[in-house]
Amino acid sequence: MSAAPESRFVLRKLIRNWISLAGAVIAVGSFFAFLLLFALDMLSEHGNPYMGILAYVVAPGFLFSGIALIALGFWLHLRQERRAVPDAPPVALTIDLSRPRDRKILGVFIAGSVVFLFMTALGSYQTYHYTESVQFCGRACHVPMDPQFVTSQHSTHARVDCVACHVGNGATAYLKTKISGMRQLYHVTRGDFQRPIRADSTKLRPARDTCEQCHWPEKFTGGLDRTNRHYLSDEANTPFSVRLLLKVGGSNPLHGPPDGIHWHVSPANKVEYISTDDQQLNIPWVRQTTADGKVTEYRNPDFKGDISKFPIHTMDCIDCHNRPSHKFLPPNDAVDLSITSGRIDRSIPWVKQKMVAALVGEYATRDEALKKIDESLRAAYPDNPKVDAVIAETKSIYNANFFPEMKADWRAYPDHVGHKNWEGCFRCHDGKHKTADGAGSIQGNDCNSCHIIMAQGSDEDMTKLSAKGYDFVHIDAEYSDFSCAECHTGAAPKE
Ligand code: HEC
Ligand code: HEC
Ligand code: HEC
Ligand code: HEC
Ligand code: HEC
Ligand code: HEC
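Residues numbered from 1 in each chain as written. Chains lettered and ligands numbered in written order. Predicted model: local features only at pLDDT ≥ 70, side-chain atom pairs only at ≥ 80, totals over all residues. Heavy atoms only, no water.

**Q** Lay out the site of ligand 3 with the relevant residues and their values.
**A** Within the structure, ligand 3 sits among 17 residues, and Arg226, His262, Cys317, Cys320 and His321 are positioned closest to it. Contact distances for ligand 3 include 2.8 Å between a nitrogen atom and a side-chain N or O atom of His262. In this structure, His321 approaches ligand 3 through a side-chain N or O atom, which is 2.7 Å from a nitrogen atom. Residues that form the shell around ligand 3 fall into these classes: 10 nonpolar, four polar and three charged. (Near = heavy atom within 4 Å. Polar contact = N/O pair within 3.5 Å; in protein donor to acceptor, adjacent residues only side chain to side chain. Nonpolar A, V, L, I, M, F, W, Y, C, P; charged D, E, K, R; others polar.)

Pasting the structure below:
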């Protein structure tokens, strides 16, 4: 190798300072680490979240800091030399293509740059995709996201990426999430994140950027026929079902009048509200604006505070469907589902009550819970050969819906669709929200305005359908009070 004097001079400068040298070692090392991790990630069948973090976040991070160090060392060195010999001519780089050596160096340089840029592009693309993946969001920081990951995998949205609802489209949204992600990562490493984790859903992207990418409001029409099968907490586990025709309705004026439940999200209407808590449980003030510009304000006179202190939020899908993906089933509903699906034999006396009681205990860890569930059910059915099946099913309900380490279960996360276990629709439709003159109110006590009860009661009763709708017959317990949630808490109801 017979290098020209000047270029050898430049090269020596680059090598002869420790900062650049260290940078070069880091850059080369992390480049090879990236190649290796990348190959492993491509070859492995199931993505491993930690592999992804190393390959697409940590390794490129080191690579770029290595390159930055080389440049920094070089620059510092030049500056130092300039200070030592103030009149020295600036180093000139000359490339003479007539010299075979220069041609060779230039060729290698260009080829190297192309490969490097290609790998960087590929790496960034993979980094982007990786940080958008369910693996990254749900698995990378295992403990805090476990409840939301597990419940989302059981939901209708199991195949929908976390980011489709939590980030939405657009570069700004991506950047914003990544910045808040850094903050979260910091809390995860320190272990001082909230338990349970809460997201104020009014601060999520507006549904038009997320949900409505897949479900657009114009497309809804008609009613929805739904049968809820329940069992009482008595010895016979008596069936008590309700078949509802839900007036979901439509919201596209071209297809018919916007009416029914989805009236709220018709482009022709706007409903705004304020809430005094971050789970939107208390809604003292509502404003409705119709297509012709008519504005109506409703207020709950029980609320004495200052309304202007709270931000006004425009109602969208998430104000009702706030748990589309993370459904933590209340034990009452989960056990009903096990019996309906035949996983639990209804002839086992008191089985509904015993399973619910085992599930709702206050447990500090999953291990403790599973042990206590086993003990209590074994004690309840000492001679019943079906006890193993009961225990197995109860544990599987627990594993899918309870996360004691994160204090995450149905108690932490109210579901706003309906009105049985939480106020839900009755947050506004409680008959208390009135206009200033007291003449108008948000419709409330009419039980047929949102659904009609087509059938209710025992299996036999369920065959007697009424098109007009029945009045609700509430077993034998009284329910003179309008609020169902006062007694129904998701566990065994209060008498
Ligand atoms: C179909 C849309 C959707 C998908 C998919 C989705 N989420 Fe959510 N997520 C929501 C909504 C809506 C809320 C707000 C819940 C509320 O306010 O009650 C939420 C809340 C959360 C919260 C706050 C705690 C809670 O349960 O309220 C976390 C954490 C979270 N999501 C993580 C994830 C992760 C991780 C994934 C992917 C494995 C994911 N989400 C996928 C819609 C979604
Ligand atoms: C990437 C597409 C996609 C996004 C984004 C999405 N969904 Fe869905 N959603 C689906 C699919 C697919 C189904 C299942 C459809 C079926 O079963 O017919 C579904 C089902 C539903 C259902 C009916 C089943 C149920 O769980 O009750 C509701 C309600 C729903 N989505 C609400 C939402 C809400 C609210 C959001 C925004 C927070 C949202 N979706 C975001 C694709 C999506
Ligand atoms: C006022 C509350 C409310 C709002 C706002 C609302 N929904 Fe609904 N939606 C309901 C109710 C209640 C049902 C009936 C089914 C149920 O109870 O889950 C329903 C039904 C649905 C279904 C059909 C579910 C199925 O099982 O077939 C989808 C999908 C859906 N909504 C998506 C949306 C989307 C997307 C938005 C926003 C554009 C939205 N909803 C806004 C209350 C609402
Ligand atoms: C933030 C307050 C709010 C919440 C929460 C809410 N609504 Fe409404 N709703 C209104 C207002 C305001 C109106 C218009 C006034 C009226 O018709 O009483 C309305 C009207 C309606 C109508 C009549 C639409 C028509 O055809 O004129 C139905 C049906 C309805 N809501 C169902 C529901 C259901 C079901 C839920 C729960 C899943 C719900 N609402 C939750 C505020 C709310
Ligand atoms: C503002 C709309 C609205 C009004 C008013 C309303 N409901 Fe409902 N109701 C709902 C919705 C939404 C659901 C949930 C449907 C589902 O997804 O299963 C529901 C569910 C029910 C259920 C089934 C509960 C279960 O878990 O099986 C019963 C029973 C019921 N309502 C009775 C009543 C009675 C009685 C009244 C009058 C006091 C009433 N509803 C008024 C919207 C309403
Ligand atoms: C005064 C308390 C009270 C009120 C208010 C109340 N319930 Fe109940 N409800 C009960 C009790 C107690 C049972 C019997 C539970 C059992 O045996 O497991 C029950 C049973 C039920 C069941 C069948 C079993 C189950 O666990 O799902 C349904 C459905 C139901 N109630 C719906 C409603 C609805 C809807 C409202 C509001 C319109 C309401 N209840 C109001 C106390 C109440």
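**Q** Account for the sheet that holds strand β7 (residues 451-457), naming residues and giving values.
**A** Pairing in this open sheet of three strands is antiparallel, and the strands run β1-β2-β7 from one edge to the other. Sheet topology places β1 (224-231) and β7 at the edges, where each strand pairs with a single neighbour. Within the sheet, the average angular offset between the axes of one strand and its neighbour, ignoring direction, is 15°. The sheet contact formed by β1 and strand β2 (residues 239-246) spans eight bridges and is antiparallel. Among the inter-strand pairings, Leu224 is bridged to a residue of β2, identified as Leu246. (Pairing = 2+ DSSP bridges. Helix = DSSP H or I, 4+ residues; strand = E, 2+ residues; numbered from the N terminus. Axes fitted to C-alpha atoms, helices over the stretch in contact; angles between N-to-C directions.)

**Q** Give a description of the nonpolar core that names residues and reports values.
**A** The tendency in soluble globular proteins is for nonpolar side chains to be buried side by side. Core analysis: the biggest nonpolar cluster contains 36 residues, and Val335, Val351, Met355, Leu359, Ile373, Val390 and Tyr398 have the highest contact counts within it. For this core, the secondary structure elements donating two or more residues are α6 (142-153), α9 (331-340), α10 (351-360), α11 (366-380) and α12 (387-401). Mapped onto the domain boundaries, this core takes at least three residues apiece from domain 2 (143-193) and domain 4 (331-406). In contact with Leu359, not counting residues within four places along its chain, are Pro331, Val335, Ile373, Thr394, Ile397, Tyr398 and Phe402. (Core = buried A, V, L, I, M, F, W, Y, C linked by side-chain atoms within 4.5 Å. Buried < 20%, exposed > 50% of the residue type's maximum accessible area, 1.4 Å probe, protein only. Domains from an automatic or database assignment. Contact = heavy atoms within 4.5 Å.)

**Q** Can you lay out the site of ligand 6 for me, pointing to particular residues and giving the numbers?
**A** Lining the immediate surroundings of ligand 6 are 19 residues, of which Ser233, His474, Cys484, Cys487 and His488 lie closest. At 3.2 Å from an oxygen atom of ligand 6 is found a side-chain nitrogen or oxygen belonging to His230. Take His474: an N or O atom from its side chain is 2.7 Å from a nitrogen atom of ligand 6. Its residues placed into classes, the shell around ligand 6 shows eight nonpolar, six polar and five charged.

**Q** Before we move on, could you go through the packing of α10 against α11 and cite the residues and values that matter?
**A** The geometry of α10 relative to α11 is characterised by a closest axis approach of 9 Å and an angle of 155° between their N-to-C directions. If you check the angle between α10 and α11, you find them roughly antiparallel. Viewed along their axes, α10 and α11 form a crossing whose handedness is right-handed. Residues Lys354, Met355, Ala358 and Leu359 of α10 touch α11, and the partners they reach there are Ile373, Ser376, Leu377 and Ala380. Partitioned by chemical class, the residues of the contact of α10 with α11 number six nonpolar, one polar and one charged. (Parallel < 35°, antiparallel > 145°, perpendicular 65-115°, else oblique. Left-handed = near helix turned anticlockwise from the far one by under 90°.)

**Q** Let's hear about the coordination of the iron atom of ligand 6: which residues, and what values?
**A** Binding of the iron atom of ligand 6 to the protein goes through His474 (NE2) and His488 (NE2), at separations of 1.9 Å. Taken together, the six donor atoms coordinating the iron atom of ligand 6 and their angles of 88 to 179° define a geometry best described as octahedral. With a gap of 14 residues between them, His474 in the segment after β7 and His488 in the segment after β7 connect regions that are remote in the sequence. Comparing His474 with His488 shows no difference in burial state: the two are buried. (Donors = N, O, S within 2.8 Å, 3.2 Å for Na, K, Ca; no water. Tetrahedral: all angles 85-135°; square planar, octahedral: opposite > 155°, others 65-115°.)

**Q** Mind laying out the pattern of salt bridges, listing which residues take part and the relevant values?
**A** Counted according to the given criterion, the structure contains 16 salt bridges. For the salt bridge of Glu375 with Lys371, the shortest nitrogen-to-oxygen distance reads 3.8 Å. On the criterion of helical spacing, the pair formed by Glu375 and Lys371 is a turn pair, its members being four residues apart in helix α11. Between Lys395 and Asp374 there is a salt bridge, and its shortest N-O distance comes to 3.3 Å. (Salt bridge = Lys/Arg side-chain N within 4 Å of Asp/Glu carboxyl O.)

**Q** Can you break down the environment of Gly490 residue by residue, with the values?
**A** Tracing the backbone through its elements, the reader meets Gly490 in the segment after β7. Residue Gly490 is classed as buried on the basis of its relative accessible area of 1%. Not counting residues within four places of it along the chain, the set of residues in contact with Gly490 comprises Pro330, Pro331, Asn332, Trp410 and Asn421.

**Q** Quick rundown of the sheet that holds strand β6 (residues 313-314)? Include the residues and the values.
**A** If you trace the four strands from one edge of the open sheet to the other, you get β5-β4-β3-β6, paired in antiparallel fashion. Pairing within the sheet leaves two strands with one partner each, and these edge strands are β5 (295-299) and β6. Two strands pair when backbone bridges link them, and strand β3 (residues 270-274) and β6 are joined in this way by two bridges, in the antiparallel orientation. Within β6, the position partnered with Tyr273 by the bridge is His313.

**Q** So what about α11? Which residues, and what values?
**A** Since one α-helical turn is 3.6 residues long, residues separated by three or four positions face the same way. With 15 residues, α11 extends 21 Å between its outermost C-alpha atoms, agreeing within 8% with the 21 Å of an ideal straight helix rising 1.5 Å per residue. The set of residues buried in α11 consists of Arg366, Ala369, Leu370, Ile373 and Leu377. With its buried residues spanning 95° around the axis, α11 presents them on a single face. More than 90 degrees from the buried face of α11, the exposed residues found are Asp367, Lys371 and Ala379. Contacts from the buried residues of α11 go to α10 and α12. (Expected span 1.5 Å × (residues − 1). Arc of directions from axis to C-beta.)

**Q** Which residues make up the coordination of the iron atom of ligand 3, and what values do they have?
**A** Coordination of the iron atom of ligand 3 by the protein involves His262 (NE2) and His321 (NE2), with metal-donor separations of 2.0 Å. Its six donor atoms give the iron atom of ligand 3 angles of 86 to 178° at the centre, a pattern that matches the octahedral case. Remark: His321 occurs in the loop between β6 and α9 and His262 occurs in the loop between β2 and β3; sequence separation between them is 59 residues.

**Q** Kindly report on the environment of Gly29, identifying the contributing residues and their values.
**A** By secondary structure assignment, the location of Gly29 is in helix α2 (residues 18-43). For Gly29, a relative accessible area of 38% puts it in the partly exposed group. For the pair Gly29 and Gly66, spaced 37 residues apart in sequence, the C-alpha separation works out to 9.2 Å.

Any functional reading would require information that these geometric values do not contain.
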